[in-house]
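# Survey of secondary and tertiary structure
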Amino acid sequence: MELIQQNPDIHAYLASDEVIDHWHPLVQETADGLWSATGDAYSYAKAAFEFVRDVIPHSADSGDPRVSWRASDVLGTRNGICYAKSHALVALLRAQGIPAGLCYQRLTLGEDRSSGHAVHGLVAVRLPGAERWSRVDPRGNKPGVDARFTLEQEQLAFPVRPEQGELDHPELYAAAHPAVLKALRESADRTALWRNLPTAL
């Protein structure tokens, strides 16, 4: 899928903010540890992806009621839903100078469209020398979900089913989408967050 940069300046996809706080000591420490075990951009990006995918459980899988949204908090609590885990991965990538952004899908909440829809968050990365962005999904694997770090052919957690009203949003955001951030910030716990999930962008 061809992604459209919301901001044409590639440097926007290296920036830090309140959510993608890659200046935070915990983000820097985690990034430095992963880099020292890899040493090149591709190996580092793959290791960062697998760290967020595997070491930080998705709170719907773990049952953790806490809601995290800032990258450093996701790393500190080892907890988050898809949006939060995406924030953490983007921060880790940017911490080592690798452009990364946030992208979204509209997916069904259950098996089909009768259950309603919600926005799902994932990440796009552009390694040095690459001609295009590649999407990866650090949501976390479970039975029926097998997301991998592959830059040539996507292997996401949830391939979209257009017949169920699902879609890939082509926009690539340098910062968290306001609708996503509002849901995270205004939810006292994961139960409230499930009620507040944005249904569209």
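Located above this text is the structure these notes cover.
For clarity, every value in this text was computed on a predicted model and none was experimentally measured.

### Looking at the overall build of the protein chain
Counting its secondary structure elements, the protein chain contains seven helices and six strands. Overall, the protein chain shows an N-to-C arrangement of helices and strands of β-α-α-α-α-α-β-β-β-β-β-α-α. Taken against the 2.2 N^0.38 rule, which gives 17 Å for 201 residues, the C-alpha radius of gyration of the protein chain at 16 Å falls within 12% of a compact globule. Looking at the 201 residues of the protein chain, the share that counts as buried comes to 50%. Split by element, the accessible area of the protein chain, about 9,100 Å² in all, is 50% carbon and sulfur. Put simply, the protein chain has 20 plus and 26 minus side-chain charges, and the middle of one group is 4 Å from the middle of the other.

### Here we look at the nonpolar core
In this structure, Tyr44, Tyr83, Leu89, Leu92, Leu93, Ile98 and Tyr104 are the most contacted members of the largest nonpolar core, which totals 49 residues. Of all the secondary-structure elements, those providing two or more residues to this core are helix H1 (25-36), helix H2 (41-55), helix H4 (71-77), helix H5 (82-95), strand S2 (100-108), strand S3 (117-125) and helix H6 (178-185). Here this core takes ten residues from H5, the largest share from any one element. In terms of nonpolar packing, the next biggest core, distinct from the first, is built from ten residues, Leu3, Ala12, Leu156 and Leu172 among them.

### Things to note about the environment of glutamate 29
Relative to the helices and strands, glutamate 29 resides in helix H1. Taking relative accessible area as the criterion, glutamate 29 reaches 58% and is therefore assigned exposed. Distance in space between the C-alpha atoms of glutamate 29 and alanine 95 is 9.8 Å, their sequence separation being 66 residues.

### Things to note about the packing of aromatic side chains
The tally for this structure, following the rule as stated, stands at five aromatic pairs. When the ring of tyrosine 42 is compared with that of phenylalanine 149, the centres are 5.5 Å apart and the planes differ by 70°; the resulting orientation is edge-to-face. Taken together, the residues span a long stretch of sequence, with tyrosine 42 in helix H2 and phenylalanine 149 in the loop between strand S4 (134-136) and strand S5 (167-168) at a distance of 107 residues. A relative accessible area of 38% means that tyrosine 42 is categorised as partly exposed. Owing to a relative accessible area of 7%, phenylalanine 149 belongs among the buried residues under this scheme. Grouping aromatic residues by their ring pairs yields a cluster made of Tyr42, Phe49 and Phe149. The ring of tryptophan 69 carries arginine 185 above its face, with NZ or CZ at 4.6 Å from the centroid.

Rules and cut-offs
- Residues numbered from 1 in each chain as written.
- Predicted model: local features only at pLDDT ≥ 70, side-chain atom pairs only at ≥ 80, totals over all residues.
- Heavy atoms only, no water.
- Helix = DSSP H or I, 4+ residues; strand = E, 2+ residues; numbered from the N terminus.
- Rg over C-alpha atoms; globule rule 2.2 N^0.38 Å.
- Buried < 20%, exposed > 50% of the residue type's maximum accessible area, 1.4 Å probe, protein only.
- Areas by Shrake-Rupley, 256 points an atom, 1.4 Å probe, with all protein chains shown as cover.
- Lys, Arg positive; Asp, Glu negative; His and termini not counted.
- Charge placed at Lys NZ, Arg CZ, Asp CG, Glu CD.
- Core = buried A, V, L, I, M, F, W, Y, C linked by side-chain atoms within 4.5 Å.
- Phe/Tyr/Trp six-rings, centres within 6.5 Å; stacked < 30°, edge-to-face > 60°.
- Lys NZ or Arg CZ within 6 Å of the ring centre and 35° of its normal.

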